[in-house]
Amino acid sequence: MSIAAVYPTTWRRPPLFGSLARQRIAIAAAVGYLVWSVSDLNVDYARILAGFPRAIDIFVKMFPPDFARWQLLTNGMIESVQMALAATLVGVVLSIPIALAAARNLAPRPLYLAARGLIVGGRTLHEIIIAIFFVKLFGFGPVAGLLTLAFASAIFLGKMLAEDIENVRVGPVEAVRATGAGFGQTVVYSIVPQVLSRAVGVIIYRLDANVRHSTVIGIVGAGGIGQTLSASFSRYDYDFAAAILLSIVALVALGEWFSDWVRRKLR
Amino acid sequence: MTAAALEKRYPDVWRRRSRREVVIAWLWTAAIAFAAAWSVSALDIEWAFFADAHEQALDLVERMWPPRWSYLPVIVRPLIETIHIATLGTAIALVFSIPLAFLAARNTTLNGFTWAIGRALLVASRSVNTVIWGLLFVAIFGPGAVAGVCAVAARSVGFLAKLVAEAIEEADAGQIEAITATGAGTAQVYVFGILPQVMPVLIGTTVYRWDINVRESSVLGFVGAGGIGLHLYASINQFAWQQVLVVLLAILVIVLLSEALSAYIRGRIS
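Thresholds, definitions, all that
- Residues numbered from 1 in each chain as written.
- Chains lettered and ligands numbered in written order.
- Predicted model: local features only at pLDDT ≥ 70, side-chain atom pairs only at ≥ 80, totals over all residues.
- Heavy atoms only, no water.
- Axes fitted to C-alpha atoms, helices over the stretch in contact; angles between N-to-C directions.
- Helix = DSSP H or I, 4+ residues; strand = E, 2+ residues; numbered from the N terminus.
- Parallel < 35°, antiparallel > 145°, perpendicular 65-115°, else oblique.
- Left-handed = near helix turned anticlockwise from the far one by under 90°.
- Contact = heavy atoms within 4.5 Å.
- Salt bridge = Lys/Arg side-chain N within 4 Å of Asp/Glu carboxyl O.
- Buried < 20%, exposed > 50% of the residue type's maximum accessible area, 1.4 Å probe, protein only.
- Phe/Tyr/Trp six-rings, centres within 6.5 Å; stacked < 30°, edge-to-face > 60°.
- Lys NZ or Arg CZ within 6 Å of the ring centre and 35° of its normal.

(A) Structural view of the packing of helix α7 (residues 130–141) of chain B against helix α8 (residues 145–169) of chain B. Residues and elements named next belong to chain B. Where α7 meets α8, the axes come as close as 8 Å, and the angle between the chain directions of the two elements is 135°. On the basis of the axis angle, α7 is oblique to α8. Handedness of the crossing formed by α7 with α8: right-handed. Counting all contacts with α7, which are made through T130, W133, G134, F137, V138 and F141, the residues of α8 involved are V146, A147, C150, A151, V152, A154 and R155.

What follows is the structure in structure tokens.
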């Protein structure tokens, strides 16, 4: 082997996918998929081109955002926040049995599998799909939204909590059990103290997520600011829609900042 | 040491919490109870709906069974479209997220002003839900998959850029310095010094976002932005519950498959 092959004088960037051949295959596959999917979607280019002037038109109509109907706006926002808050609390309560059942080290096998099945199934369906069913069952309004978010929160918190419970140190559990404690006492005195601080962080995170989701499930009639937003869009009321969008961005940013702050404090 | 002090240090009875902790715990409980009461009372809940909810639910389940499998061939193309929307949207987001991440990272942005612009774009992109982006793009491009792709891209850009920007801020300074020492310009430092370092984060978050996007795309049809959601919405409005069940099961399958694929790829990378 020549020295130049072992110690080349020019540097080549190492390929991303192991070897150069594999990188070429990956790029070819990506380009192939791109061509196939774009052609498969029947993209109407004339309509896209027509869209740009319309985008500018909508953008112009959005300015200045119309805060004149601030009462409608604040009512929707408060409803969203209430929905998120109530849903988080209900979700926390419901998540405890789910978490206990879905923790491999606590629950008997059949119960564990059933709870895991519930978690996998519940996580898969989008909040909006769940909201439709609750709207069918409980009518239009914030109750459907509250139940949707509560359901989604219970599943999410249940999953996170179950993982924490599975990672608990065994020593304290055995120590409490050795004193003759029953199942409930073991959970309260050995598991709760170990998972509590992490659980509070996850709950705050979920509260933040619920605020974000509460702004959207109104689109299918489940209350909150989403309902107001959807209505203003369908009436081409773009300056009011802009006001709502700005408020949502502000609320979500605030929620995220709060959640980050609390979790930093906990650490 | 007096008897009282001894008693305080070695109490006969074990208490889990000190008096101060008990007070704090009660204050927390009160605050949470107050929050619960406020949020629930103001929602003016119609409790009558709860009375027959279980009957309604059972009724719904009965009407859904058995699933009408003959509907399956009809929804195969919309299912593929759903995945296309998620994939193309993620791909577009990936392209735009790289410059945005460099703009929003403290150590690579030009000045305080550009950093603020980058951060504002991140927050705006992330705060608006995919479905709300969908509403906006349907108003612009009309109903169809194009609006869906744009909506997915608009939401994902901020998600990807935020995580990549964090990775850029944590990039190893030694490698950047080494590239700079060879006389590389700013662009070359970014491409050869920083980009390779953030590549694993970039690919990992993109794949992760893709599987979230498959789930999001399943409902974009509700606002007219293409995909399987349109058929789900139509079936619900026609009270064709047996079709609804087929669509739900189909969504379940594609979401689970994409989640498994994404987890597999991420497992291979890290």
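(B) Spotlight on the pattern of salt bridges. Residue and element names in this part refer to chain A. One pass over the structure, following the stated rule, counts 17 salt bridges over all chains. With a shortest N-O distance of 3.4 Å, D57 and K61 are connected by a salt bridge. Within this pair, D57 and its partner K61 are both found in helix α3 (residues 45–62), separated by four residues, close to a single helical turn. Looking at D57, the relative accessible area reads 37%, which means it is partly exposed. In this structure K61 comes out as partly exposed when scored by relative accessible area, which is 44%. With a shortest N-O distance of 3.5 Å, R116 and E166 are connected by a salt bridge. Here R116 is found in helix α5 (residues 109–124), whereas its partner E166 is found in helix α7 (residues 142–166), with 50 residues between them in sequence.

(C) The packing of aromatic side chains, seen in detail. One pass over the full model with this rule turns up 15 aromatic pairs over all chains. Grouping aromatic residues by their ring pairs yields a cluster made of F52 of chain A together with W133, F137 and F141 of chain B. The ring of F240 of chain A has R69 of chain A lying over it, and the distance from NZ or CZ to the ring centre is 4.3 Å. Above the plane of the ring of F156 of chain A lies R206 of chain A, whose end atom (NZ or CZ) is 5.2 Å from the centre.

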